[in-house]
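Observations on the three-dimensional arrangement
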Amino acid sequence: MSTILEATDLTKHFRSGGGLFHKPTIVRAVDGVSFAVRTGETLAIVGESGCGKSTVGRLALRLLEATSGSVKFEGKDLASMDEDALRGLRREMQMVFQDPFSSLNPRMTLGDIVGEPLWLHGMGSARERRERTRELLSIVGLRPEHAQRYPHEFSGGQRQRIGIARALASNPRLVIGDEPVSALDVSIQAQVINLLEDLKDRFSLTLVIIAHDLAVIRHMSDRVIVMYLGKIVETAPTAALYAEPLHPYTRALLAAIPLPAPGLRAERKLLEGDIPSPANPPSGCRFHTRCPFAQARCREEEPALRDAGGREVACHFYETLPRADAERAVAIPESAAKRRRMALYREHRDRQESDAAAAAPAATAGRALEPSA
Amino acid sequence: MSIALESAAQQEAAVPRSRFWGKLLRNRSAAIGLTLVGLFLLLAIVGPSLVPWDPIATSWTTVRKPPSAAHWFGTDELGRDVLARVLSGARASLTAGVISVSIAVAIGGPLGVAAGYFGGWTDTIISRCTEALLACPFLILAIALGSVLGASLTNAMIAIGIAAAPIFIRLTRGQTLSVKTEDFVEGARAIGLPHRWIIARYIIPNIFAPILVQATLIVAQAIIAEASLSFLGLGQQPPAPSWGAMLSTGKNFVQQGQWWMSVFPGVAIFFTVLGFNLLGDGLRDALDPRES
Ligand SMILES: Nc1ncnc2c1ncn2[C@@H]1O[C@H](COP(=O)(O)OP(=O)(O)OP(=O)(O)O)[C@@H](O)[C@H]1O
Ligand code: SF4
Ligand SMILES: [Mg+2]
């Protein structure tokens, strides 16, 4: 598989405060992060709030200038591009935001919101763009007639669909979702995730999904990157990660997922202590203040990200730690329910499309997707 | 059934565009404000032709006469009809209020948006100058500028406009900063929209409402400022009437019990300012899309 996006040694330091008499604090939001996104995969970036996930996403799209390090999209270095080249490239890379209430311009209609990227990139005539806009709305499960309406008339889940339609408008190849569902009700989360997976297949997208826990991305991602305080602590294929998390932090994250089956409900081991501030990260292994396996060496020496057989781990002692409670991870089966759900969803979508094709006013389009909250 | 419920809810959510006026008129203070402003506007336009007296022609036979059937508001020290002068003074006052605020918005708006949107040095320079100007009270600044520019109504409007500009710089800058942090602005950058377009379509429409509200409120202050400048002889020049100038002359005669020369223009100023203030408050509520 080829690499679509490659980040090398990305670092972002934010300066905050400071003035005449005191030094500004430097927040090391992202500190030497390297990863590659393979064409066609779904890559998840997971970590607690404040660990720098969003910053990584923004750096990857060059919405922020990196303090150091580079990002390459298909081998082209983003940092060396001028505005015009970057604009062309931004057709290919899109972002879906976390908060559906602040990610849409309240003063623009849905039609303008979704059609704007088409206009920007000069795709088609005004008429064709209008057509395409309506089509995009129905692809994400909204009614084309809604093009005249404003975002505040829609629910959170519907707004996230609008955001997705806008992201899709320019036919991107890479979509970065920054916690695209964490602001939504649990029942609606599943629908939006289904939609994303479905669109990924239909439009051969590469997805990078940012999430703050491991529950959401379990079924949709191929690989997972786990971050802690601005650094990658583990990367692994999803199945392997859930079967046997190697890094103590990954174990803690996994233990924090509520179990679906009552028989498996072990007591939930949550991490002790607060996340240290990224302005003043702990010495050595950044996780040592909360790690149940920490030893003297962990305070002094920073563990490098090491190869661990098809995956990578940054822990001095991962080989010798007691085996993780793999049984519970395995016991969350390849969900049959999920397969059924997807099948139902696809069936629904096909029905909806054949309805639309029959030129009937798209009366049912999209509504079945979203029960009122 | 939840499906049916949702679609019904969506149907209801369709709000007509005329919602703004409905909301504005349902708001009592806004309705009163709008009526007052409208009334004074109407008076400024057609008022002078409603009274049989010339606001400028002097008459030695009717000097300082109290209100009567012929002269409802009495006459002034040169025998001119006070009602006629209040009516044609409305034109000077309203024009001064509206034009000087337009000048202030035209100067302050772009500077504030530039400072807030671009940040960095642009912001530092603009903000420091604004702070320095804001340290000086608005009215004092307007009077100082007015005396530098020279006495005339046009110069008074320019002076008031410049003096009020920092208020709008600070407001637009703050509003721009807060809109800029919304994801949709970052999203606009993410798809590669040019800055000009982002400012025109994303920033300005979202900061427009508070600025319009503020502008309405500042019109009231500008009318007072114009009155003050005229009062000091820096605004409307005699013999053309303005409320401030009338107040200025009228005050000399209050001690002698000839109250009508100053009370009527004073009352006119009071109601116009009140009207703009009420309208501003009402607009604030009516323009908020999240409030129904
Ligand atoms: N513009 C900024 N200026 C200063 N500090 C920032 C800025 N953006 C982020 N940070 C800091 O950088 C760190 C990482 O932020 P980031 O938003 O990337 O975290 P995150 O993992 O996305 O968290 P969340 O789950 O809360 O979204 C945080 O400590 C945050 O306070
Ligand atoms: S290096 Fe030490 S502190 Fe860090 S995760 Fe491994 S055992 Fe824990
Ligand atoms: Mg985030």
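In this text, all values refer to a predicted model and were calculated from it rather than measured experimentally.

What follows deals with the overall build of chain B. Along chain B, the regular secondary structure elements total eleven helices and zero strands. If you list the helices and strands of chain B from N to C, you get α-α-α-α-α-α-α-α-α-α-α. For chain B, the spread of C-alpha atoms along the principal axes amounts to about 80 × 55 × 25 Å. Counting contacts in chain B only where the partners sit at least 6 residues apart, residues at least 24 apart contribute 72% of the total.

Once that is clear, we can look at the overall build of chain A. Counting its regular elements, chain A contains twelve helices and twelve strands. Across the 373 residues that make up chain A, the buried fraction comes to 52%. For chain A, the computed accessible surface area is about 16,700 Å², with 51% contributed by carbon and sulfur atoms.

Residues and elements named next belong to chain B. Along the chain, the position of T58 falls in the loop between α3 (28-46) and α4 (82-118). For T58, a relative accessible area of 43% corresponds to the partly exposed category. Remark: the alpha-carbon pair of T58 and G112, spanning 54 residues in sequence, is separated by 48 Å. Setting aside anything within four residues of it in sequence, one finds T58 in contact with L78 and R80.

Quick look at the UniProt feature "transmembrane region" (unreviewed entry) in chain B now. Mapped onto the present numbering, the UniProt feature "transmembrane region" (unreviewed entry) falls at residues 29-51, 94-120, 132-150, 156-172, 203-224 and 259-280 of chain B. Secondary structure content for residues 203-224 of chain B is 100% helix and 0% strand, while the C-alpha to C-alpha distance between its ends is 31 Å.

All names here are of chain A. In the neighbourhood of ligand 1, 13 residues make up the surrounding shell, with S49, G50, K53, S54 and T55 lying closest. Within the contact set of ligand 1, an oxygen atom lies 2.4 Å away from a side-chain nitrogen or oxygen of T55. In the complex, the protein chains occlude 63% of the 630 Å² of accessible area that ligand 1 would expose alone. Counting residues per element, the shell around ligand 1 draws most heavily on helix α1 (residues 53-60), which supplies three residues. Taken together, the residues that form the shell around ligand 1 break down as five nonpolar, five polar and three charged.

So, on to the pairing of strand β4 (residues 68-73) of chain A. All names here are of chain A. In terms of strand pairing, strand β1 (residues 3-16) meets β4 through five bridges, oriented antiparallel. Residue T11 lies in a different strand from β4, and its bridge partner there is S68. The sheet contact formed by β4 and strand β5 (residues 76-77) spans two bridges and is antiparallel. Counterpart to K72 in the pairing with β5 is D77. Taking the residues between adjacent antiparallel strands as the criterion, β4 and β5 are bridged by two residues, where E74 takes a positive phi near 50°.

This part is about the side chain of A:R62. Tracing the backbone through its elements, the reader meets A:R62 in the loop between α1 and β4. With sequence-adjacent residues up to four places away left out, A:R62 is seen in contact with A:L78, A:A79, A:M81, A:L86 and A:R90.

Moving on: helix α4 (residues 126-139) of chain A. Residue and element names in this part refer to chain A. Taking 1.5 Å of rise per residue, the 14 residues of α4 would be expected to cover 20 Å, and the 20 Å separating its terminal C-alpha atoms lies within 8% of that figure. Three or more residues of α4 are buried, namely R129, R132, T133, L136, L137 and I139. Taken around the axis of α4, the buried residues stretch over an arc of 155°, which confines them to a single face. With respect to the buried face of α4, the exposed residues turned more than 90 degrees away are R127 and R130. Buried positions along α4 lie against α3 (110-120), α5 (156-169) and α6 (186-202). Two residues or fewer past α4, G141 is found with a positive phi of approximately 90°.

Rules of the game
Residues numbered from 1 in each chain as written. Chains lettered and ligands numbered in written order. Predicted model: local features only at pLDDT ≥ 70, side-chain atom pairs only at ≥ 80, totals over all residues. Heavy atoms only, no water. Helix = DSSP H or I, 4+ residues; strand = E, 2+ residues; numbered from the N terminus. Contact = heavy atoms within 4.5 Å. Buried < 20%, exposed > 50% of the residue type's maximum accessible area, 1.4 Å probe, protein only. Areas by Shrake-Rupley, 256 points an atom, 1.4 Å probe, with all protein chains shown as cover. UniProt positions renumbered as here; feature names shortened; annotations may be inferred. Near = heavy atom within 4 Å. Polar contact = N/O pair within 3.5 Å; in protein donor to acceptor, adjacent residues only side chain to side chain. Nonpolar A, V, L, I, M, F, W, Y, C, P; charged D, E, K, R; others polar. Pairing = 2+ DSSP bridges. Expected span 1.5 Å × (residues − 1). Arc of directions from axis to C-beta.

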